[in-house]
Amino acid sequence: MGRLVVLRGIAVDDPARVGGRGPLGLVGCGGRGTGAASNALSVPEGNLKLVAMADVFDNKLSASYQQLSQSFQDKMDVPPERRFVSFDGYLWTGRFANG
């Protein structure tokens, strides 16, 4: 639990979670990060939830949140206090993704 792994824009403490179970944090909300989150949340057998997001640009984070919310409403749990717009937002995202 003490190690954070960033895999194609998705922050998890264990890479085996991607496609499995547990909370996810999205670091970098551009096209690649949003696409990676979409792929992870699309896994039919998966029990993943997106719980935190971070980007240095508010417009990227907002657009990503809107897009993912439309497609995966039941797998989104990212209230405003877990949307981080800063250069160190990845640190906070990892804390929430680690459960």
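This write-up is about the structure you can find in this document. (Residues numbered from 1 in each chain as written. Predicted model: local features only at pLDDT ≥ 70, side-chain atom pairs only at ≥ 80, totals over all residues. Heavy atoms only, no water.)

1. A closer look at the pattern of salt bridges
For the structure shown, the criterion picks out one salt bridge. Across the pair aspartate 77 and arginine 82 runs a salt bridge whose closest N-O atoms are separated by 3.8 Å. (Salt bridge = Lys/Arg side-chain N within 4 Å of Asp/Glu carboxyl O.)

2. Some remarks on the environment of valine 78
With respect to the helices and strands, valine 78 occurs in the loop between helix H2 (58-71) and strand E5 (83-85). Placed 53 residues apart in sequence, valine 78 and glycine 25 show a C-alpha to C-alpha distance of 9.2 Å. In this structure valine 78 touches Leu50, Val51, Ala52, Met53, Tyr65 and Arg83, once residues within four positions along its chain are discounted. (Helix = DSSP H or I, 4+ residues; strand = E, 2+ residues; numbered from the N terminus. Contact = heavy atoms within 4.5 Å.)

3. Brief notes about the packing of aromatic side chains
Geometry of an aromatic ring pair is reported as the spacing of the ring centres plus the angle between the planes. If you walk through the whole model with that rule in mind, you get one aromatic pair. Centre to centre, the rings of phenylalanine 84 and tryptophan 92 are 6.3 Å apart; their planes meet at 25°, and the pair counts as stacked. Note on phenylalanine 84: relative accessible area 13%, which makes it buried. The side chain of arginine 83 reaches across the aromatic face of tyrosine 65, ending 3.7 Å from its centre. (Phe/Tyr/Trp six-rings, centres within 6.5 Å; stacked < 30°, edge-to-face > 60°. Buried < 20%, exposed > 50% of the residue type's maximum accessible area, 1.4 Å probe, protein only. Lys NZ or Arg CZ within 6 Å of the ring centre and 35° of its normal.)

Coordinates in, geometry out; function isn't part of it.
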